[in-house]
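Notes for the structure review
If you want the building blocks of each chain, they are given just below.
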Amino acid sequence: MEKVLFTHVDQPEQHRIETYVKNGGYQALPKVLRDYKPDEVIDIVRKSGLRGRGGAGFSAGMKWSFVPRDTPKPKYLCCNADESEPGTCKDRVLMERDPHLVVEGIIIAAYAIQAHQAFIYVRGEFVYPAFRMEQAVAEAYAKGYLGRNILDSGYDLDLVVHTGGGAYICGEETALLSSLEGDRSLSRIRPPFPAVEGLYGCPTVVNNVETLANVPYIINRGPDWFRSHGTEKSPGTKIFSLSGNVKRPGNYEVDLGVPLSYVINDLGGGVPEGHTLKAIIPGGASTPLLLPHQIDTPLDFESMAQAGSMLGSGAIIVIDDGACMVWTAMKLIDFFQHESCGKCTPCREGTAWLKQLINRIEGGEGRPGDIDLILDVCGNIMGRTICPLGDAAVMPTESIIKLFRNEFEYHIDNKTCLVKTSYPLA
Amino acid sequence: MILTDETIRQIKIRMARYPSRRSAILPALTAAYKQVGHLNPAIYREIARVMDIPYIEIAEAASFYTMFPKHEVGRYLIQVCHNISCSLRGADNLIAYIEQKLGIALGETTPDKLFTLIAVECLGGCATAPTMQINDTYYENLTRARVDEIIADLRAKEEQDNR
Ligand SMILES: Cc1cc2nc3c(=O)[nH]c(=O)nc-3n(C[C@H](O)[C@H](O)[C@H](O)COP(=O)(O)O)c2cc1C
Ligand code: SF4
Ligand code: FES
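Residues numbered from 1 in each chain as written. Chains lettered and ligands numbered in written order. Predicted model: local features only at pLDDT ≥ 70, side-chain atom pairs only at ≥ 80, totals over all residues.

1. A short note on the overall build of chain B
Under the convention used in this document: Secondary structure elements are defined from DSSP: runs of H or I of at least 4 residues count as helices, runs of E of at least 2 residues count as strands, and each element is numbered from the N terminus. Contact criterion: two residues are in contact if their C-beta atoms, reconstructed from the backbone, are within 7 Å.
Broken down by element type, chain B carries seven helices and four strands. Secondary structure elements in chain B, listed N-terminal to C-terminal, are α-α-α-α-β-α-α-β-β-β-α. Along the first, second and third principal axes, the C-alpha set of chain B runs to 50 × 40 × 25 Å. The contacts of chain B with a sequence gap of at least 6 include a subset with a gap of at least 24, amounting to 58%.

2. Brief notes about the domain arrangement of chain B
Operational definition: Domain start and end points were adopted from an automatic or database domain assignment.
One can read the domain layout of chain B as domain 1 (5-64) and domain 2 (76-162). Distance between the C-alpha centres of domain 1 of chain B and domain 2 of chain B: 28 Å.

3. Observations concerning the site of ligand 2
Residue and element names in this part refer to chain A. This is how it is decided: Here, nearness means that the C-beta atom of a residue, built from backbone geometry, sits within 6 Å of the molecule or strand in question. Residue type decides the class: Asp, Glu, Lys and Arg count as charged, Ala, Val, Leu, Ile, Met, Phe, Trp, Tyr, Cys and Pro as nonpolar, and the leftover types, Gly among them, as polar.
For ligand 2, the set of nearby residues contains 14 residues, the closest of which are Cys-341, Cys-344, Cys-347, Thr-385 and Cys-387. Taken together, the elements giving at least two residues each to the shell around ligand 2 come down to helix H14 (345-362) and helix H16 (389-414). Its residues assigned to classes, the shell around ligand 2 comprises seven nonpolar, five polar and two charged.

4. Focus: the domain arrangement of chain A
When cut into domains, chain A gives domain 1 (17-227), domain 2 (237-320) and domain 3 (325-414). Taken residue by residue, the interface counts eleven residues in domain 1 of chain A and eight residues in domain 3 of chain A.

5. Notes on the packing of helix H6 (residues 91-102) of chain B against helix H7 (residues 144-162) of chain B
Residues and elements named next belong to chain B. In plain terms, the rule: Under this scheme, a helix contributes an axis fitted over its contacting stretch, all axes are lines through C-alpha atoms, and angles between N-to-C directions fall in the 0 to 180 degree range. The cut-offs work like this: below 35 degrees is roughly parallel, past 145 is roughly antiparallel, 65 to 115 is roughly perpendicular, and the gaps in between are oblique. Crossing handedness is read from the near helix: turned anticlockwise from the far helix by less than a right angle, it gives a left-handed crossing, and turned clockwise, a right-handed one.
Taken N-terminus to C-terminus, the directions of H6 and H7 make an angle of 40°; their axes are 11 Å apart at the nearest point. As far as their axial angle goes, H7 and H6 are oblique. Crossing of H6 over H7 shows right-handed handedness. In this structure, H6 uses Tyr-97, Ile-98 and Lys-101 to contact H7, whose residues at the interface are Arg-144, Val-147 and Ile-151. Taken together, the residues that form the contact of H6 with H7 break down as four nonpolar, no polar and two charged.

6. Here's the deal with the interface of chain B and chain A
Put simply, an interface is often sized by how much accessible area is lost when its parts join up. Taken together, the contact between chain B and chain A spans 40 residues of the former and 52 residues of the latter. Elements supplying a minimum of two residues to the side of chain B that touches chain A: helix H2 (25-36), helix H4 (55-64), helix H5 (84-87) and H6 of chain B. If one sorts the elements of the side of chain B that touches chain A by residue count, H2 of chain B sits on top with five residues.

7. Comments concerning the sheet that holds strand E3 (residues 158-163) of chain A
All names here are of chain A. Quick reminder of the rule: A pair of strands is labelled paired if DSSP reports no fewer than 2 bridges between them.
Ordered by their spatial adjacency, four strands build an open sheet running E3-E2-E1-E4, and the pairing between neighbours is parallel. The sheet is open, and its two edges are formed by E3 and strand E4 (204-208), each paired on a single side. Across the sheet, the mean angle separating the axes of adjacent strands is 20° when strand polarity is ignored. Bridge count between strand E1 (residues 76-81) and E4: five bridges; the pairing is parallel. From the neighbouring strand, Leu-77 faces E4, where its bridge partner is Val-205. Across the sheet, helix H7 (residues 127-142) lies against strand E2 (117-122) and E3, angled at about 165° from E3, the strand it touches most.

8. Considerations on the site of ligand 1
Residue and element names in this part refer to chain A. Taken together, 24 residues sit near ligand 1, with Gly-52, Gly-54, Gly-171, Asn-208 and Thr-211 positioned nearest. Counting residues per element, the ones that place at least two in the shell around ligand 1 are E4 and H16. Here the shell around ligand 1 gets three residues from one element, more than from any other, and that element is E4.

9. So, the nonpolar core
Residues and elements named next belong to chain A. Rules: Joined through C-beta atoms within 7 Å, a set of buried Ala, Val, Leu, Ile, Met, Phe, Trp, Tyr and Cys residues constitutes a nonpolar core. With C-beta atoms placed from the backbone, a residue is labelled by how many other C-beta atoms lie within 10 Å of its own: buried for 20 or more, exposed for 12 or fewer, partly exposed between the two.
Among the nonpolar cores identified, the biggest contains 184 residues, and Cys-79, Ile-106, Ile-108, Ala-109 and Val-263 are the most heavily contacted of them. The element contributing the most residues to this core is helix H6 (residues 99-113), with eleven residues. Contact partners of Val-263, with chain neighbours within four places excluded, come to Phe-240, Leu-242, Tyr-252, Val-254, Val-258, Gly-268, Leu-299 and Ile-316.

10. Describing the packing of H6 of chain A against helix H9 (residues 209-221) of chain A
Residues and elements named next belong to chain A. Taken N-terminus to C-terminus, the directions of H6 and H9 make an angle of 80°; their axes are 7 Å apart at the nearest point. When the axis of H6 is compared with that of H9, the two are roughly perpendicular. Contacts between H6 and H9 pair Leu-101, Val-102, Glu-104, Gly-105, Ile-106, Ile-108 and Ala-109 from the former with Val-209, Leu-212, Ala-213, Val-215, Pro-216 and Ile-219 from the latter. Residue composition of the contact of H6 with H9, grouped by class: eleven nonpolar, one polar and one charged.

11. Side note on the pairing of strand E8 (residues 315-320) of chain A
Residue and element names in this part refer to chain A. Inspection of the sheet shows strand E5 (residues 237-244) paired to E8 by four bridges, in the parallel sense. Its bridge partner lying in E8, Ser-243 is registered against Ile-317. The pairing of strand E7 (residues 277-281) with E8 spans four bridges and is antiparallel. Along E8, the bridge assignment pairs Leu-277 with Asp-320.

12. Structural notes on unusual backbone geometry
The omega torsion across Pro-191 of chain A and Pro-192 of chain A is 5°, close enough to zero to call that bond cis. Note on placement: Pro-192 of chain A falls in the loop between helix H8 (173-180) and E4. Cis geometry marks the peptide bond from Ala-129 of chain B to Pro-130 of chain B, where omega comes out at -5°. In this fold, Pro-130 of chain B is placed in the loop between strand E2 (115-120) and strand E3 (132-134). We note that Tyr-200 of chain A has phi near 50°; this positive angle belongs to a residue other than glycine.

13. Looking at the confidence of the model for chain B
Inclusion rule: The score called pLDDT rates the predictor's confidence residue by residue, from a low of 0 to a high of 100.
Per-chain confidence: chain B averages 97 in pLDDT, with 100% of residues scoring 70 or above. Here the predicted complex carries an ipTM of 0.97, next to a pTM of 0.97.

14. A word on H9 of chain A
Residue and element names in this part refer to chain A. The buried fraction of H9 is high, at eleven of 13 residues. Within the sequence span of H9, burial applies to Val-209, Glu-210, Thr-211, Leu-212, Ala-213, Asn-214, Val-215, Pro-216, Tyr-217, Ile-218 and Ile-219. Directly after H9, the chain includes Gly-222, whose backbone phi takes a positive value near 90°.

Below, the structure written as structure tokens:
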């Protein structure tokens, strides 16, 4: 299968501008500045059908077109490199190994929405990826791809690498903007959407690293080429982060629409010897679980939704028969409770309550009625929060209970696991 | 003064890069953390002065971000991911192994002030699990043998630095 974003990632010097250029980099940018008006760039990206790779799958071209054209306010582009949802570790590879691809994508997107200031919000723990991005940005300035009058086109753009402070919520686009403004990273009610009123109250586009990395290729090879990969509604390739109980975990780029089993079994080698597959979290920790019989579900936005889950960020977490599902639910809810920004009550109080209930069951102190209480709390969070983190905590929790209720019941009745979790350290 | 001239210079460079200097609060906290190894109110006060921003705004932002310890920690802050992908590959046992090896529990610091051990949320190293971070460096695909090696290397480095 043809790789696109990962074509050059294994070359040792790809992060340096000379190698990037030698391998065909910085050809899309001059073409854009010379041949296309901003609206034409938006049109090309819209025609390609590129959808956001950060989780929601929203059309990139459409998002860019929402930015008002006749406003006197400055406009901003933010590249979302917060990458903090358990299971997800793909943007890091692009930043470390092909940072100029990300930079070139950012410059083209910024030009399309006529922003003169762009940011890359990199999670604080990513010291090395941020260093690679800083280095790439400095090289791009030195060669005139950033700064004043880029390649004599009259277009100006500054790009700042901004590092975070260790909070998953900073990846939520409105919280990212709060954080970038120097505030606590609290989410904001939408509307207004960032495209209209974002950073410093100005029109702002937030796009994921992988989304933007696709843009230079779309410019160079055209929307029809892009659509030759993937499915009609989910065109292109996608990087899947495969983790958990598989023989060969890793980041794999494949066409959207390939069966889940292709990534888990053909690329990942399946679950370790002597074990059987128990469940799959297909799109990052916030997505509902799938069962083994659903392993041939195509990996695209529509098929995943039809199967009752989500493509999300493309983080496939494989769970084998060594896991107690109450333990699994605990691992997930502990994360979401810790990461709730605390701004709205259903999520702040609800995730804390869920954490307490699930930990109590796992600890052998569950009481009759706890399962229904968990579902009740879930129902009181879902759809009642400022940002999607509340829902993100509920979706896997409800799904685990629905699919593995017997393990919860066993736990409460017998004060111990039906399956004793055992994952030794090698 | 706690912050060095170099840290203050870094903060000022950052302030000039943003349309609003408040945006440099997080970069300023990062610069101070890199220098000192943790953050506290005395540091917020100095940042507030350098940035000409009210103390409370600095303190408020700092209190939100868990990446910066708010009290003194060991020279090496061992941060082990305890989320799902790492847990499916032995993170619980990794934590137990390090606890036993260093003779401390989660949240504690060794008596020589060399190591502090904490559990953290997903580090974005899920496909190379189990993963941990010590100060700025990631360590992935961890095994007992690898942990032994890492700790021994850091101890050796410390001895060399002390000589
Ligand atoms: C709690 C939460 C965390 C998120 N974290 C990230 C993240 O780390 N990276 C990311 O690109 N998008 C993340 N998103 C999605 C963003 O809000 C936003 O939709 C995305 O960055 C838009 O980019 P895209 O359209 O290119 O996907 C998160 C959303 C939520 C609700
Ligand atoms: S849903 Fe949770 S994370 Fe989102 S705004 Fe409310 S409290 Fe904050
Ligand atoms: S779950 Fe441990 S690094 Fe992501």
